[in-house]
Amino acid sequence: MGQLEKFETATIAPAHRLAFWNDLVGQIYGGTFVNADRPDFDATMWRWSVGQLDMIRPRSERSHVGRAPDPRITEERVVLHLQRRGTSRHHQGGREADLHPGDFALCSANHPYAIDLMTAHELLVVEFPRTLIAERVRGLDDRFARRVSGASPSGRLFHDFLLSLWHQGDQSDADPDWQNGVSSIFADLVALAVNGLDVARDVAPGATLRSKVLALVEARLGDPELRTATIAEELHISDRTVQNLFAAMGTTPSAHILERRLTRGAEMLTGKPESSITEVAFDLGFNDSAYFARCFRQQFGTTPRAWRGLC
């Protein structure tokens, strides 16, 4: 991974942390402010760029984020927020979008917007020129502050691509043609997911309940709160319905989620050698890398580090 800028409140005196964070976000994204319940605000952020994409990965406790237009910016810019952990509600132009892990939403940086980050959370945020997607996304102005589901095939594909940009690290010094190519792929994948809003909000029309549940699990593997109740609430079904569905497949919700996380982890260990084992564990919803390693050994008969060396 290339060198990323990292900022955190842990090095700041508790009474000054929220003020420090507001100064920081205001410098990165002009007009942005953060409100929190306490001045001793706990937050961490990484910052990097590729081509036309300016990216941050913030983690913090619950808060309210607002942004007013920056008069210094004349070119219209778009901001994409992808929910990695926790939940949030996005407001712009009279619309609201509730995001869960895997979901994303677009906002215009040239008009006021606000985000209620209702839990401890992590986001992947990308700001870029409107021109990058204007011709690709139909009726772009009507797409702002609308949830794009991470459970759709195009939503999952985009999520994985954006996460891969994090694992690549800062590429601001890379070949300009390569950077422009990445920006173009990003725009195509955004358009693929956003344009699909009209025909598939979560999964393909006519999909069975089983396929909806499995798609939701795949989209939320990185969410440490993923469990039976999460699936039931999202799909407006009972906990017992979820349990019966997995029982018919000869497993339980928790066992299936763990199996999918470990299988995805095995793929990531070999497919993303630049990522540490701790990063892989965190990206898959494990809060403890040691627990990930124990579960991995039980599943595959070897440690994550040894698996990486074998493949």
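Since the structure is predicted, the reported quantities are computational estimates derived from the model, not experimental observations. (Residues numbered from 1 in each chain as written. Predicted model: local features only at pLDDT ≥ 70, side-chain atom pairs only at ≥ 80, totals over all residues. Heavy atoms only, no water.)

Caption draft 1: Local environment of the confidence of the model for the chain. Taken over all residues, the pLDDT of the chain has a mean of 89, while the share at 70 or more is 95%. Mean pLDDT per element in the chain: helix H2 (residues 153-168) is the minimum at 83, and strand E10 (residues 113-117) is the maximum at 97. Long-range and interchain partners of residues 198-206, a stretch whose pLDDT sits below 50, account for 14 contacts in this model, where long-range means more than four residues apart. (pLDDT = per-residue confidence, 0-100. Helix = DSSP H or I, 4+ residues; strand = E, 2+ residues; numbered from the N terminus. Contact = heavy atoms within 4.5 Å.)

Caption draft 2: Representation of the layout of surface pockets in the model. Taken as a whole, the largest pocket spans an internal volume of roughly 610 Å³. As for the largest pocket, its lining consists of 28 residues, and the residues nearest its centre are Arg85, Gly86, Thr87, Thr119 and Asp223. Residue assignment for the lining of the largest pocket shows that the elements contributing at least two residues are strand E3 (43-50), strand E4 (53-60), strand E11 (121-129) and helix H5 (228-235). Broken down by element, the residue count for the lining of the largest pocket peaks at three residues, all from H5. A class-by-class count of the residues in the lining of the largest pocket yields five nonpolar, ten polar and 13 charged. (1 Å grid on protein atoms, 1.4 Å probe; cavity = no way out; pocket = protein on both sides within 12 Å on 5 of 7 lines; lining within 4 Å. Points joined across faces, edges and corners; volume = space filled by probe spheres on them. Nonpolar A, V, L, I, M, F, W, Y, C, P; charged D, E, K, R; others polar.)

Caption draft 3: Inspection of the sheet that holds strand E7 (residues 88-92) at higher detail. In space, the five strands of this open sheet follow the order E2-E5-E10-E7-E8, with antiparallel pairing throughout. Of all strands in the sheet, those with a lone pairing partner are strand E2 (32-35) and strand E8 (95-99), marking the two edges. Adjacent strand axes in the sheet meet at a mean angle of 15°, parallel and antiparallel pairs treated alike. Bridge count between strand E5 (residues 63-67) and E10: five bridges; the pairing is antiparallel. (Pairing = 2+ DSSP bridges. Axes fitted to C-alpha atoms, helices over the stretch in contact; angles between N-to-C directions.)

Caption draft 4: Just the pairing of E2, in detail. A one-sided burial pattern is seen for E2, the buried positions being Thr32 and Val34 and the unburied ones Phe33 and Asn35. Sheet topology places E2 next to E5; four bridges connect them, and they run antiparallel. Within E5, the position partnered with Phe33 by the bridge is Gly66. (Buried < 20%, exposed > 50% of the residue type's maximum accessible area, 1.4 Å probe, protein only.)

Caption draft 5: Just the packing of helix H7 (residues 253-271) against helix H9 (residues 289-300), in detail. Running from amino to carboxyl end, H7 crosses H9 at an angle of 90°, the nearest separation of the two axes being 10 Å. Here H9 runs roughly perpendicular to H7, going by the angle between their axes. When H7 is examined against H9, the residues Leu258, Glu259, Leu262, Thr263, Gly265, Ala266 and Leu269 are found in contact with a partner set consisting of Phe292, Cys295, Phe296, Gln299 and Phe300. Across the contact of H7 with H9, the residue classes tally to eight nonpolar, three polar and one charged. (Parallel < 35°, antiparallel > 145°, perpendicular 65-115°, else oblique.)

Caption draft 6: Up close: the pairing of E8. Here five bridges tie E7 to E8, and the two strands are oriented antiparallel to one another. Each bridged residue has a counterpart across the sheet, and for Gln92 the counterpart in E8 is Arg95.

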